[in-house]
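Below, each chain spelled out in residue letters.
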Amino acid sequence: MPQLRVLFTQEEIRSTVGRLAREISRDYEGKNPLLIGVLKGAVIFMADLMRLLDMPLEVEFVRLSSYGRGKVSSGKVRVVRGLLRLPIKDRDILVIEGIVDTGITLDFLLGWLRRKRPASLRVCALFDKAMCRKVSVPIDYLGLSVPNEFVVGYGADWDEKFRNLPGLYVLEEENQPQGA
Ligand code: 5GP
Ligand code: MG
């Protein structure tokens with residue numbers, strides 16, 4: 001069985017989401033942004049963040065795929081399901097992402113959205129694994145930096161499990177040799 005080591009507590013995440021909400025509220029004052037959450041990982045973050053945003057807004061979700069069962073990005077991203085119904089053109093779009101790792105997923109999504117001609121396009125990511133970046137992507141609102149380790153919880157899964165954990169945890173294999 002895998003072991004879980006806490007990286008960020010529920011309370012640390014809660015205060016970070018609050019800080020991001022304040023930054024976004026300040027920058028989008030008088031606007032009516034369309035938040036686009038990346039399923040499934042960003043669903044908990046989206047739910048917590050949007051309730052702290054004191055402005056008119058709408059939400060959409062997009063489902064992308066790159067990891068499958070593995071812990072390493074396959075590098076191939078696709079829109080599994082275009083769930084977008086609201087028009088993107090001329091809207092202020094704020095992409096809500098749980099974890100940015102290689103950047104491949106976000107880079108793909110931003111390209112896809114840019115072609116739909118939004119008025120503005122920004123990114124809010126709760127967790128950043130900057131050391132793992134392969135494609136540079138702009139993150140306008142950044143929550144917490146995460147080391148180069150596979151994490152679960154607060155929306156992030158391993159094999160569809162652990163999304164419901166309230167904090168963020170490193171998933172460690174048991175019997176893993178020390179220093180490996
Ligand atoms: P990227 O394309 O930036 O490599 O990967 C982004 C996606 O991979 C995120 O949306 C997230 O779902 C998933 N991901 C990246 N790193 C991790 C991780 O450490 N744990 C989990 N559970 N998912 C991750
Ligand atoms: Mg996954």
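Residues numbered from 1 in each chain as written. Chains lettered and ligands numbered in written order. Predicted model: local features only at pLDDT ≥ 70, side-chain atom pairs only at ≥ 80, totals over all residues. Heavy atoms only, no water.

Colleague: Account for the packing of helix α1 (residues 10–27) against helix α2 (residues 43–50), naming residues and giving values.
Modeller: As a packed pair, α1 and α2 sit with axes 9 Å apart at the nearest point and diverge in direction by 60°. Classed by the angle they form, the pair α1 and α2 counts as oblique. Seen from above, α1 lies across α2 with right-handed handedness. Along its contact with α1, which presents V17, L20, A21 and I24, the element α2 presents F45, D48 and L49. Its residues assigned to classes, the contact of α1 with α2 shows six nonpolar, no polar and one charged. (Axes fitted to C-alpha atoms, helices over the stretch in contact; angles between N-to-C directions. Helix = DSSP H or I, 4+ residues; strand = E, 2+ residues; numbered from the N terminus. Parallel < 35°, antiparallel > 145°, perpendicular 65-115°, else oblique. Left-handed = near helix turned anticlockwise from the far one by under 90°. Contact = heavy atoms within 4.5 Å. Nonpolar A, V, L, I, M, F, W, Y, C, P; charged D, E, K, R; others polar.)

Colleague: I'd like a description of the pattern of salt bridges, backed by residues and values.
Modeller: Per the counting criterion, the structure on display carries 14 salt bridges. Among the salt bridges present, the one from R5 reaches E149, with a minimum N-O distance of 2.9 Å. Remark: E149 occurs in the loop between β7 (141–145) and β8 (151–152) and R5 occurs in strand β1 (residues 3–8); sequence separation between them is 144 residues. In this structure E149 comes out as partly exposed when scored by relative accessible area, which is 27%. Of the charged contacts in the structure, one is a salt bridge between D159 and K161, with a shortest N-O distance of 3.6 Å. Given the relative accessible area of 42%, K161 is considered partly exposed. One network of salt bridges, with partners in common, ties together K40, D157, E160 and R163. (Salt bridge = Lys/Arg side-chain N within 4 Å of Asp/Glu carboxyl O. Buried < 20%, exposed > 50% of the residue type's maximum accessible area, 1.4 Å probe, protein only.)

Colleague: Explain the site of ligand 1 to me, using residue names and the numbers behind them.
Modeller: Around ligand 1, the structure places 16 residues, and the nearest of them are T102, T105, K129, V151 and D157. One of the backbone nitrogen or oxygen atoms of V151 is found 2.6 Å away from a nitrogen atom of ligand 1. Protein contacts shield 91% of the accessible area of ligand 1, which totals 510 Å² for the unbound molecule. Secondary-structure elements contributing two or more residues to the shell around ligand 1 are β5 (92–100) and α3 (104–114). Per element, the largest residue contribution to the shell around ligand 1 is three residues, and it comes from β5. Of the residues assigned to the shell around ligand 1, the class counts are seven nonpolar, four polar and five charged. (Near = heavy atom within 4 Å. Polar contact = N/O pair within 3.5 Å; in protein donor to acceptor, adjacent residues only side chain to side chain. Areas by Shrake-Rupley, 256 points an atom, 1.4 Å probe, with all protein chains shown as cover.)

Colleague: I'd like a rundown of the packing of aromatic side chains, residues and numbers included.
Modeller: Counted according to the given criterion, the structure contains two aromatic pairs. Measuring from ring centre to ring centre gives 6.1 Å for F8 and F127, while their planes differ by 10°; the resulting arrangement is stacked. Of this pair, F8 sits in strand β1 while F127 sits in strand β6 (residues 120–128), placing them 119 residues apart in sequence. Assigned by exposure class, F8 and F127 land together as buried. Between Y28 and Y141 the ring centres are 6.5 Å apart and the planes differ by 50°, which places this aromatic pair in the tilted class. (Phe/Tyr/Trp six-rings, centres within 6.5 Å; stacked < 30°, edge-to-face > 60°.)

Colleague: Describe in detail α3, supporting the description with residues and values.
Modeller: For α3, the buried fraction is high: eight of the eleven residues fall into the buried class. Considered for burial, the residues of α3 that qualify are I104, T105, L106, L109, L110, G111, W112 and L113.

Taken by themselves, the reported measurements are silent on function.
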